[in-house]
Amino acid sequence: MIQFSAVSSLSQTPKTWVFLACEKEDGFLNFPGKAGVEIRKVIEEEGFSGKEGQAAVAHPKGAIKAEKVIVLGVGTKTEVTVETLRRASGRLARKAREFRVEEALIEWPRQFKGEQIKAFVEGLILGSYQYTRYKTQLKDASKGIQKFILKVPLDQLSSSKASLKIAESYCEGVLLARDLINGAPSDITPRVLADTARKMVKGPVRLKLYSTKELKRMGAGGILGVNIGSALEPYLIHLHYKPAGKPKKSIAIVGKGITFDSGGLSLKPAGSMETMKMDMSGAAAVLGVFSQLAKLKPNVEVHGIIATTENMPGGRAYKPGDVLKAMNGKTMEVLNTDAEGRLVLSDALSYAVKQKVDGIVDMATLTGACVIALGSLISGAMSNDPKLMDKVKEATEAEGESIWELPLVKEYRDDIKSKVADIKNIGGGREAGTIIGGLFLQEFVGDTPWVHLDIAGPAYLEREYPAVPYLTFGGTGLMVRSLLTLLRNQS
Ligand code: BES
Ligand code: MN
Ligand code: ZN
């Protein structure tokens, strides 16, 4: 990870100097004196106007001793948000890699405080990320930023350092999630997810692991059913964080952990399978969050629950027509083995309810329909509790991880009525696929306040989105930061 520091005075001129600049009339923020005017003139000739999304590199001669100056446009001064800064630094990360900048310093404007520093640091770390586990030739590759200094006003030094620490912790969680998602599906197996959870056990974090034998005893027919076609053991992972003081609330975060979704006997076409190593992104988010709880110490009890298995078409695989019984006793007719996420989550949600929590947030790459409806930058959200929904909205907004609420239309429940069991795992046709998924999950949460996040689109990017440069190709580690903020807001 990038080595950060915050200082209030400088002993020497940095090699690369970074500035934020607003649109013309507002000029540079923290204007670097007369020399700055010169720089601005030069880059304006190349079309830089300070608009949000712009970034310019200049090689100053004379007045400024730095080798390079990078100027990031942040738009109109009064309209700068935390997300503007997260994106500006994401762009900085890209520029730095392009221009082989490894060390830089930013002259941080006084008007931007803690939340803004946090966002800027996040953008830089997340935008610098590359997944290189399987690359054998990296020697000549540009490393990107390795060392970064924030120069802040003296009276803001200690608060800046605190914000920096929080941003680093958030990103460590996100990067863990990204690495898990990006790993090959034969490397990131259910057992690897369980082992990752095992490494988090210390101090306030405890773990219970249930595999086939225990799952049978518990009646986890959803997880077991999906698992039969796979050669690998399934797990129900239960992480538990208990803060030192008396927490006001307890929350369960639940993740879908299908380490590879072939579709099972309702086999996916080859093209649709290409990215299905990402079908454990909900689980990765839970692990990312838990990796940071002991450090961030929110005053809320947290249960992290993951249902993990492959969905494979092996010789003993579950079949269309099979009936599975979930942990809460409900029977589920399987008509499509590719609607497996809701089946494994039926057990995970039933288990979450048993923990007697005040709220449940589940994250699942549940439906392709959600990708069609909202694309790769917005998650679908459904809930039985407007208050919890509002809190989730607030947290995701603060972290720039957009969600859009869809209604759990009760009239559509008829669509999952089964002739042979309590419910069936698909609706009648192609209508409202994401809502049908949400309605299915609702059968397992009872009255517990609950929010379901369908992250099928934004969990994994098959291309880059220039408007959001801190998101990189592949796993995004979505919802780690939002959930950490949600949990910290509870206390
Ligand atoms: N994991 C997929 C959903 C998915 C699709 C995630 C594309 C990310 C990108 C899920 O298990 C699935 O296969 N859903 C089916 C449900 C259908 C059979 C009711 C789908 O969306 O086609
Ligand atoms: Mn599927
Ligand atoms: Zn799936």
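Residues numbered from 1 in each chain as written. Chains lettered and ligands numbered in written order. Predicted model: local features only at pLDDT ≥ 70, side-chain atom pairs only at ≥ 80, totals over all residues. Heavy atoms only, no water.

Thoughts on the sheet that holds strand E12 (residues 323-325)
Stage number 1. Taken in spatial order, the three strands line up as E12-E13-E17 in an open sheet, and their pairing is mixed. The open sheet has two free edges, formed respectively by E12 and strand E17 (423-424), since each of these has just one partner strand.
Stage number 2. In the sheet, E12 pairs with strand E13 (residues 331-333) via three bridges, with the strands oriented antiparallel. Bridge pairing in E13 links Val323 to Glu333. (Pairing = 2+ DSSP bridges. Helix = DSSP H or I, 4+ residues; strand = E, 2+ residues; numbered from the N terminus.)

Topic: the coordination of the zinc ion (ligand 3)
Note on metal sites: the ideal angle is 109.5 degrees for four tetrahedral donors, and 90 or 180 degrees for six octahedral donors.
Stage number 1. Those protein atoms acting as donors to the zinc ion (ligand 3) are Lys256 (NZ), Asp261 (OD), Asp279 (OD) and Glu340 (OE), and they sit at 2.0 to 2.4 Å.
Stage number 2. Considering all six donor atoms around the zinc ion (ligand 3), angles at the metal cover 78 to 173 degrees and the coordination shape is octahedral.
Stage number 3. Sequence positions of the donors to the zinc ion (ligand 3) reduce to the motif K-x4-D-x17-D-x60-E. (Donors = N, O, S within 2.8 Å, 3.2 Å for Na, K, Ca; no water. Tetrahedral: all angles 85-135°; square planar, octahedral: opposite > 155°, others 65-115°.)

Thoughts on the domain arrangement of the protein
Stage number 1. We note that the domain assignment places domain 1 (3-167) and domain 2 (183-490) within the protein.
Stage number 2. Using C-alpha coordinates to define each centre, domain 1 is positioned 37 Å away from domain 2.
Stage number 3. Listed per partner, the contact involves 17 residues of domain 1 and 18 residues of domain 2.
Stage number 4. Both sides of the domain 1 and domain 2 interface together cover about 1,400 Å² of buried area, and 49% of this is carbon and sulfur.
Stage number 5. The interface formed by domain 1 and domain 2 contains five salt bridges.
Stage number 6. The interface formed by domain 1 and domain 2 includes eleven residue pairs in polar contact (both at pLDDT 80 or more).
Stage number 7. Every element with two or more residues in the side of domain 1 that touches domain 2 is listed here: helix H2 (82-98) and helix H3 (114-128). (Domains from an automatic or database assignment. Contact = heavy atoms within 4.5 Å. Buried area = accessible area lost by both parts, 1.4 Å probe. Salt bridge = Lys/Arg side-chain N within 4 Å of Asp/Glu carboxyl O. Polar contact = N/O pair within 3.5 Å; in protein donor to acceptor, adjacent residues only side chain to side chain.)

Overview of the side chain of Ser281
Stage number 1. When you line up the elements, Ser281 lands in helix H9 (residues 281-296).
Stage number 2. Of the polar contacts made by the side chain of Ser281, one reaches the backbone oxygen of Met278; its length is 2.6 Å.

Some points on the coordination of the manganese ion (ligand 2)
Stage number 1. Around the manganese ion (ligand 2), the protein contributes the donor atoms Asp261 (OD), Asp338 (O), Asp338 (OD) and Glu340 (OE), which lie 2.1 to 2.2 Å from the metal centre.
Stage number 2. Donor residues for the manganese ion (ligand 2) sit on one chain with the sequence pattern D-x76-D-x1-E.
Stage number 3. Distance-wise, the zinc ion (ligand 3) is placed 3.1 Å from the manganese ion (ligand 2), both being coordinated by Asp261. Pair noted here: Asp261 is in strand E10 (residues 250-261) and Asp338 is in the loop between E13 and helix H10 (341-354), with a separation of 77 residues, a long-range link.
Stage number 4. Of the residues examined, Asp261 reaches a relative accessible area of 3% and is grouped as buried.
Stage number 5. With a relative accessible area of 22%, Asp338 lands in the partly exposed category. (Buried < 20%, exposed > 50% of the residue type's maximum accessible area, 1.4 Å probe, protein only.)

What about unusual backbone geometry?
Stage number 1. For Lys297, which is not glycine, the phi torsion reads 45 degrees and is therefore positive.
Stage number 2. Classification of Lys297 by relative accessible area gives exposed; the value is 59%.
Stage number 3. A positive phi angle, near 45 degrees, is found at Ala432, a position not held by glycine.
Stage number 4. For Ala432, the position within the fold is in the loop between E17 and helix H13 (433-442).
Stage number 5. We classify Ala432 as partly exposed; its relative accessible area is 31%.

Here we look at the packing of aromatic side chains
Given two aromatic rings, one states the distance between the centres and the angle between the planes to describe the pair.
Stage number 1. Under the defined criterion, the tally for this structure stands at nine aromatic pairs.
Stage number 2. Ring-pair connections join several aromatic residues into one group, and the members of that group are Phe4, Trp108, Phe112, Phe120 and Phe148. (Phe/Tyr/Trp six-rings, centres within 6.5 Å; stacked < 30°, edge-to-face > 60°.)

Considerations on the pairing of strand E2 (residues 16-21)
Stage number 1. Of all the six residues making up E2, six are buried; the element is thus mostly covered by neighbouring parts of the structure.
Stage number 2. Burial along E2 is two-sided: Thr16, Val18 and Leu20 facing one way and Trp17, Phe19 and Ala21 facing the other are all buried.
Stage number 3. Sheet analysis places E2 next to strand E6 (residues 103-107), joined by two bridges and oriented parallel. When the bridges of E6 are listed, Trp17 appears paired with Leu105.

Describing the layout of surface pockets
One simple way to see leftover space: roll a probe sized like a water molecule over the atoms.
Stage number 1. Quantified by volume, the largest pocket comes out at close to 990 Å³.
Stage number 2. Contributing to the lining of the largest pocket are 39 residues, with Lys268, Leu366, Thr367, Gly368 and Ala369 lying nearest its centre.
Stage number 3. Broken down by secondary-structure element, the contributors of at least two residues to the lining of the largest pocket are E10, H10, helix H11 (368-374) and H13.
Stage number 4. In terms of residue count, H11 provides more of the lining of the largest pocket than any other element does, four residues in total.
Stage number 5. A per-class count over the lining of the largest pocket returns 14 nonpolar, 14 polar and eleven charged.
Stage number 6. Its boundaries defined by the atoms lining it, the second largest pocket holds a volume of some 420 Å³. (1 Å grid on protein atoms, 1.4 Å probe; cavity = no way out; pocket = protein on both sides within 12 Å on 5 of 7 lines; lining within 4 Å. Points joined across faces, edges and corners; volume = space filled by probe spheres on them. Nonpolar A, V, L, I, M, F, W, Y, C, P; charged D, E, K, R; others polar.)

Considering a positive patch on the surface
Stage number 1. Taken together, the side chains of Lys248, Lys249, Lys387 and Lys391 make up a positively charged region of the molecular surface.
Stage number 2. Take Lys391: it is sitting in helix H12 (residues 386-398). (Patch = residues over 30% accessible without salt bridge, like charges linked within 9 Å, V, L, I, M, F, W, Y side chains within 5 Å. Areas by Shrake-Rupley, 256 points an atom, 1.4 Å probe, with all protein chains shown as cover. Lys, Arg positive; Asp, Glu negative; His and termini not counted. Charge placed at Lys NZ, Arg CZ, Asp CG, Glu CD.)

Looking at the site of ligand 1
Stage number 1. Around ligand 1 lies a shell of 16 residues, among which Lys268, Asp279, Asp338, Glu340 and Gly368 are the nearest.
Stage number 2. Interatomic distance of 2.7 Å between a backbone N/O atom of Gly368 and an oxygen atom of ligand 1.
Stage number 3. In this structure, ligand 1 is accommodated by the largest pocket.
Stage number 4. Residues that form the shell around ligand 1 fall into these classes: five nonpolar, four polar and seven charged. (Near = heavy atom within 4 Å. Sits in = over half its atoms within 2 Å of the grid points.)

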